[in-house]
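# Analysis of the macromolecular model
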Amino acid sequence: MITESTAVRTAKVVNEKEAMDDLLTADELADRHREGSLHNAHVYAEYHRLAAEQAALRRVAALVARGVQPSEVFDAVTIEMRRCLRAVTAGLWRFETRGQITILAGAAPPVALAKWPVGTRTPIEGDTLAAVVQRTGRPARIDDYENAAGPVAARVREVGVRAAVGVPVIIDGRVWGLAAVGSVGPGPMPADTEARVSGFAELVATALVAGYRDEQKRQLLEETSNRPCLIDSLLHGRIHDKWSLGEIANHLRLPRHGPFVVIAAEVLTVGSEALPDIESKLPSLDVYSAWRLQPDLQVGIVHVNSDHHFEKVLALVSRMAAGRVGVSARFDDLRDTPQALHFAKVSLRGRADHTSQVAVFDGSILATAAVSAPEVMVKSVGTALDSFSDLPDEEREILFETFRVWQDASVTAAAERLYCHPNTVRHRLRRIEKHTGRSLSRPRDVAELCLAFEVHRRLM
């Protein structure tokens, strides 16, 4: 049943004398104005009818402008339609996706409302008013429901309606619902009923669009206020189950599955972005991301769908970066975000590469082992590399660089890359063996030295 809402009370607050004048018939006006002709009385009645209808539309429009709940607008619309069109019943229905209609508001005698209460869903079957309006997207009428088939027609007859006119409620070009009025007398409803109901249907559509926009704004504000907390929950691993992970991804508009990378960019001035407007620029590359500005870093979780996307992201970051930037290796599960952040920070704060501001963590087993427990690894490696402390910095770095190049290639290839003779490479490697007490012919010693130099390059 319909309860009397604020909108309903607003619709009823009409001066009694004004309401009587609005609804005077031509014959009543003729009695009042015997000095004029019957024609003038009809003109005067039509004027008052239009004025009353415009006043009703203004009252409903005022509710829409005030931003009241759509349900209040629905109630007011049905009451005003019934009064202005002098209909016995007026109602508003929404088309459902499963071939049904749901009554959202109704104005009718209490007995009729009890037989078709608000919230009732009814299948759309047969050649009824609802079926025609949904199919055509145009106003329609049925002048006699006596022989109409289907559940909707049965309900119409049950409430006593014999003829009805319905108009579609159009939202974004789609038939959203139906506004209709009905009569209990024999014969069709007046010829102008469709046009008169259309004005109210348009107000319903306006209210729905306004309500949808308000809800969008509310959700946007909520997302904006929650966004930093949600990003932090990923960066710091505060995720407990797959459901919450999915919710966080949806709120941040990130895909649930990778590959992702974490980007950590050095902030040169507190409060300013290291990569200005990066989040708004990445969509042009068809890349989804979520960013968080911290006191010393601007951190982003970035979805890179392919090598092509990854290269585009790196190129954009390289052009924008004023300071150093660290990029993690790619990962698939958002639960691994904290570890990826660690790797991005390690890359950022490792030894500088003078050819680029952007350092990408390669994700190799050696690199991962070197940085997974930084304090432990630095302490362990320190004893192996302390033997080089008596060397000048430049000489020490030449030996370290020679080893790093050699471990990825042969002596000959290393000599080509270092622009020296192969014997020079061999001599430098023998000096490393002497300083460390390890032999490059023993695999275990080679493994330890590879890890030691990797730790030195990334952490020391």
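Residues numbered from 1 in each chain as written. Predicted model: local features only at pLDDT ≥ 70, side-chain atom pairs only at ≥ 80, totals over all residues. Heavy atoms only, no water.

Our focus in this paragraph is the packing of helix α16 (residues 393-407) against helix α18 (residues 422-436). If you want to describe how two helices pack, look at the angle between their axes and the distance between the axes. At their nearest, the axes of α16 and α18 sit 10 Å apart, and the two run at 105° to each other. Classified by the interaxial angle, the pair formed by α16 and α18 is roughly perpendicular. On the side of α16, the interface is formed by E395, I398, L399, T402, F403 and W406, while α18 contributes V425, R428, L429, R431 and I432. For the contact of α16 with α18, the class distribution of residues is seven nonpolar, one polar and three charged. (Axes fitted to C-alpha atoms, helices over the stretch in contact; angles between N-to-C directions. Helix = DSSP H or I, 4+ residues; strand = E, 2+ residues; numbered from the N terminus. Parallel < 35°, antiparallel > 145°, perpendicular 65-115°, else oblique. Contact = heavy atoms within 4.5 Å. Nonpolar A, V, L, I, M, F, W, Y, C, P; charged D, E, K, R; others polar.)

Let's shift gears to the packing of α16 against helix α17 (residues 411-418). It is the contact of α16 with α17, at a shortest axis distance of 8 Å, that shows an interaxial angle of 130°. Classified by the angle between their axes, α16 and α17 sit oblique to one another. In this structure, α16 crosses over α17, and the sense of that crossing is right-handed. Touching E401, T402, V405 and W406 of α16 are V411, A414, R417 and L418, all from α17. A class-by-class count of the residues in the contact of α16 with α17 yields five nonpolar, one polar and two charged. (Left-handed = near helix turned anticlockwise from the far one by under 90°.)

Time to look at unusual backbone geometry. Cis peptide bonds are those with omega within 30 degrees of zero, and the linkage from G258 to P259 qualifies with 15°. If you trace the backbone, P259 turns up in strand β7 (residues 257-266). The backbone of D277 shows a phi angle near 60°, a positive value even though the residue is not glycine. Take D277: its relative accessible area is 47%, and that puts it in the partly exposed class. (Buried < 20%, exposed > 50% of the residue type's maximum accessible area, 1.4 Å probe, protein only.)

It is worth spelling out the pattern of salt bridges at this point. In total, this model carries 12 salt bridges according to the counting rule given. With a closest N to O distance of 3.7 Å, R141 and D143 form a salt bridge. When the shortest N-O distance is used, the salt bridge between D393 and R396 registers 2.4 Å. Taken as a pair, D393 and R396 lie in helix α16 at a separation of three residues, close to a single helical turn. Residue classification places D393 among the exposed residues on the basis of a relative accessible area of 52%. Taken together, the shared-partner salt bridges connect R94, E96 and R121 into one network. (Salt bridge = Lys/Arg side-chain N within 4 Å of Asp/Glu carboxyl O.)

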